[in-house]
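Fold and contact review
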Amino acid sequence: MRNLILNLIDFVSGFNLNKGLKKVLEMDTWDRSQIEQYQHERFEKLKFYASKSEIYRDCQAWDLKDFPKFSFDFYRTNPEKFRTNFRKIYRVIPTSGSTGTPKEIVVSKEMIQAKRTAHLKLLHWNNIKRSDLEIFIGGDVVSTKKRIYYFLKNQICLTSFDIDRDNARKYINKINQCKPKIIFSYPHALNVLLNYAEVLNLHVYQPKAIYTGAEKLHPETVQLIKHHFPETRLVNEYWSTEGNIGLSCPEGSLHVDEDTVIVEVDNVNEEGVGDLLLTNLYSYDFPIIRYPLGDKIKLSDNFCKCGRKTKVIEKIEGRSGDFFSRPNGRIISFTDMRIAKWTTNAVIIYQMIYISKEDRLVFKYVPKKGGFQIAKDEMKKYFQNHLDIDLTFEETGKIESSQSGKFQPFISV
Ligand SMILES: [Zn+2]
């Protein structure tokens, strides 16, 4: 019955996901030359559409390496130059508009099909059926119409916008009562939830798999997940609005989704880490070619044990945009801050706020109220001695996410 409903949803929404899945699973058996041949053909098709835009007018004779690398600022200030305008735009997704992101991203129907298919592939790889119950924790408050849609897809949606003590208890009860096969969560939401589970002394049902997305998954959160869900497989779906970049296989490796994207690593340092340049092979309405996503990654030199010959991402480092520039010319990268060292077991959630006008930092946090305390003096001293910046603490009952439900642990105001 559930499968019938899912097929019907595909039919009505115009996405044939089952057929798409069958096709992408073929790549699992291909060798490197077959994958490259496939990518070449897809790229030729993308070039055909790209040549309809002003900026890529002459691109049909170019190889991938001939395409210029544009900065975010260029994308931000010249969006109309990229539009291919050969058909009606399918969807425009506004972004948070923070530093280092374009104002909006044009998404083609093919990009959405590819993203949904990639999700099915992740389920398939991990032996989970599309019809199995999923609890989704993320995003904004869901409309009734969407709620029905999720209900039909056998998904329960819980917003990550506003999780306080009471909501955390409700969410945990819901999980225990529904016993989902899979939980999706924005990492910060799961982090908050599991911290409250400890405070409230609540047991949480163990699903078969947990996957996270939309925000960076920090090592502290991974530890917390493993502690609460020792039997659960933690899988990663690495995506952004511009494209699904990678998926983890049963061996735990993050494979590049090479049927959808080409990933290049630019400005590689001595450790092999560099800027991710993304090409989305289905970005027909607004070509995403060698696009600077803002993440730093390292590709592995080896193939995965699972036998798939797609490239493996060995490491993802924080967004290179997560930094603030100070009046004295110094730049402090937020990812460099070792916050966990001073706050382990003492906070539910925190947000580091840089007050640019006054050149100082505020550490806002929801305390856990156990025996553990933040090592405030040590932390303050560290920032004073190493970064010559004043840090104050602000205790609060909850910290809200942005409108989209995404959480920003480091902000500049
Ligand atoms: Zn693998």
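A brief structural summary. (Residues numbered from 1 in each chain as written. Predicted model: local features only at pLDDT ≥ 70, side-chain atom pairs only at ≥ 80, totals over all residues. Heavy atoms only, no water.)

With that out of the way, let us pick up the coordination of the zinc ion. Taken together, the protein ligands of the zinc ion are Cys249 (SG), His255 (NE2), Cys304 (SG) and Cys306 (SG), with distances of 2.1 to 2.3 Å. Here the zinc ion binds 4 donor atoms, and the angle range of 101 to 120 degrees at the metal identifies the geometry as tetrahedral. Considered as a linear motif, the donors of the zinc ion on their single chain read C-x5-H-x48-C-x1-C. Residue cysteine 249 is located in the loop between strand 8 (243-248) and strand 9 (254-256), and its partner cysteine 304 is located in the loop between strand 12 (291-299) and strand 13 (312-317); the two are separated by 55 residues in the primary sequence. In this pair, the class of cysteine 249 matches that of cysteine 304, namely buried. (Donors = N, O, S within 2.8 Å, 3.2 Å for Na, K, Ca; no water. Tetrahedral: all angles 85-135°; square planar, octahedral: opposite > 155°, others 65-115°. Helix = DSSP H or I, 4+ residues; strand = E, 2+ residues; numbered from the N terminus. Buried < 20%, exposed > 50% of the residue type's maximum accessible area, 1.4 Å probe, protein only.)

Take the pattern of salt bridges next. By the definition in use, this model includes 19 salt bridges. Glutamate 358 is paired through a salt bridge with arginine 360; the nearest N and O atoms lie 2.6 Å apart. Classification of arginine 360 by relative accessible area gives partly exposed; the value is 24%. Three or more residues are tied together by salt bridges with common partners; here these are Arg32, Glu36 and Glu258. (Salt bridge = Lys/Arg side-chain N within 4 Å of Asp/Glu carboxyl O.)

Positionally, serine 248 belongs in strand 8. On a C-alpha basis, the gap between serine 248 and glutamate 54 in space is 37 Å, while along the polypeptide they are 194 residues apart. Those residues in contact with serine 248 that sit more than four places away from it in its chain are Leu122, Trp125, Asn126, Val235, Asn236, Ser253 and Leu254. Among the polar contacts listed, one links the side chain of serine 248 to the backbone nitrogen of asparagine 236, at a separation of 2.5 Å. (Contact = heavy atoms within 4.5 Å. Polar contact = N/O pair within 3.5 Å; in protein donor to acceptor, adjacent residues only side chain to side chain.)

This part takes up the nonpolar core. Counting 94 residues, the largest nonpolar core has Tyr56 and Ile137 as its most contacted members. A per-element tally of this core places helix 6 (residues 109-125) first, with 8 residues. When neighbours within four sequence positions are excluded, tyrosine 56 is seen to be in contact with Ala50, Ser51, Trp62, Phe67, Phe70, Tyr75, Phe82, Pro287 and Ile289. One finds Phe324, Ala346, Val347 and Tyr365 within the second-largest nonpolar core, a separate group that totals 18 residues. (Core = buried A, V, L, I, M, F, W, Y, C linked by side-chain atoms within 4.5 Å.)

Our next topic: helix 2 (residues 17-26). Within the sequence span of helix 2, burial applies to Leu17, Gly20, Leu21, Val24 and Leu25. Looking down the long axis of helix 2, one finds its buried residues gathered within 130 degrees of arc, a one-sided arrangement. Along helix 2, exposed side chains directed more than 90 degrees from the buried face belong to Lys19 and Lys22. For helix 2, the elements touching its buried residues are helix 1 (2-13) and helix 6. Measuring from the backbone nitrogen of lysine 19 back to the side-chain oxygen at the start of helix 2 gives 3.3 Å, which picks out asparagine 16 as the cap. (Arc of directions from axis to C-beta.)

Turning next to the pairing of strand 12. Sheet analysis places strand 11 (residues 274-280) next to strand 12, joined by 4 bridges and oriented antiparallel. Each residue of the ladder has a partner; that of glycine 274, found in strand 12, is isoleucine 297. Where strand 12 lies against strand 13, 4 bridges are found, and the strand directions are antiparallel. If you follow lysine 298 over to strand 13, its bridge partner there is lysine 315. (Pairing = 2+ DSSP bridges.)

Treat this as a map of the structure, not an account of what it does.
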